[in-house]
Amino acid sequence: QVQLVESGGGLVQPGGSLRLSCAASGSISAINFMAMGWYRQAPGKERELVARISGGTTTYGDYVKGRFTISRDNAKNTVSLQMNSLKPEDTAVYYCRLGTISIYWGQGTQVTVSS
């Protein structure tokens, strides 16, 4: 059984910052070797990639490049997403994801960017 627990969402004004964290736990011994990432889903839209980290490689969605930074702590099995210069269009539920073949999702955390 694998669990992903997200934290750090909330309400922020445009131009502000938030930091999301996701902690992975469970019976998979190779968690450190599995890709971890953040996806988001806004109302009425499909879930989309925000950022992903696998080994030493990071990938970002075009709409967050230069504003968001993903990082990982393999000792703690955590992945974080630092979000700066937030825009109203960043409003969505953000989900943590583990793996690319066997895929695990967190429960999601709401991020709302509004004045």
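Residues numbered from 1 in each chain as written. Predicted model: local features only at pLDDT ≥ 70, side-chain atom pairs only at ≥ 80, totals over all residues. Heavy atoms only, no water.

When you line up the elements, Ser 7 lands in strand β1 (residues 2–7). Taking C-alpha positions, Ser 7 is 5.7 Å from Leu 20, a pair spaced 13 residues apart along the chain. In contact with Ser 7, not counting residues within four places along its chain, are Arg 19, Leu 20 and Ser 21. (Helix = DSSP H or I, 4+ residues; strand = E, 2+ residues; numbered from the N terminus. Contact = heavy atoms within 4.5 Å.)

The full count for this structure, using the stated rule, is 1 disulfide. Put simply, Cys 22 and Cys 96 are joined by a disulfide, and their sulfur atoms are 2.1 Å apart. Negative torsions about the S-S bond denote left-handed disulfides, and the value of about -80° found for Cys 22 with Cys 96 makes this one left-handed. Placement of Cys 22 in strand β3 (residues 18–26) and of Cys 96 in strand β9 (residues 92–98) is noted, with a sequence separation of 74 residues between them. A residue is classified by how much of its surface remains accessible, and Cys 96, at 0% relative accessible area, is buried. (Disulfide = S-S within 2.5 Å. Buried < 20%, exposed > 50% of the residue type's maximum accessible area, 1.4 Å probe, protein only.)

Here we take up the pairing of strand β8 (residues 78–83). Along β8, 5 of the 6 residues are buried, which leaves the element largely enclosed by surrounding structure. Bridging between β3 and β8 involves 6 bridges; their strand directions are antiparallel. Across the sheet, the residue bridging to Leu 18 is Met 83, located in β8. In this sheet, β8 lies alongside strand β7 (residues 68–73) in antiparallel orientation, the contact comprising 6 bridges. (Pairing = 2+ DSSP bridges.)

Strand-to-strand pairing in sheets goes through backbone hydrogen bonds, with the strands running parallel or antiparallel. Across the sheet, which stays open at both edges, the 4 strands sit in the order β1-β3-β8-β7 with antiparallel pairing between neighbours. Both edges of this open sheet fall to β1 and β7, since each of them pairs with a single strand only. For this sheet, the mean inter-axis angle between neighbouring strands, taken without regard to orientation, is 15°. (Axes fitted to C-alpha atoms, helices over the stretch in contact; angles between N-to-C directions.)

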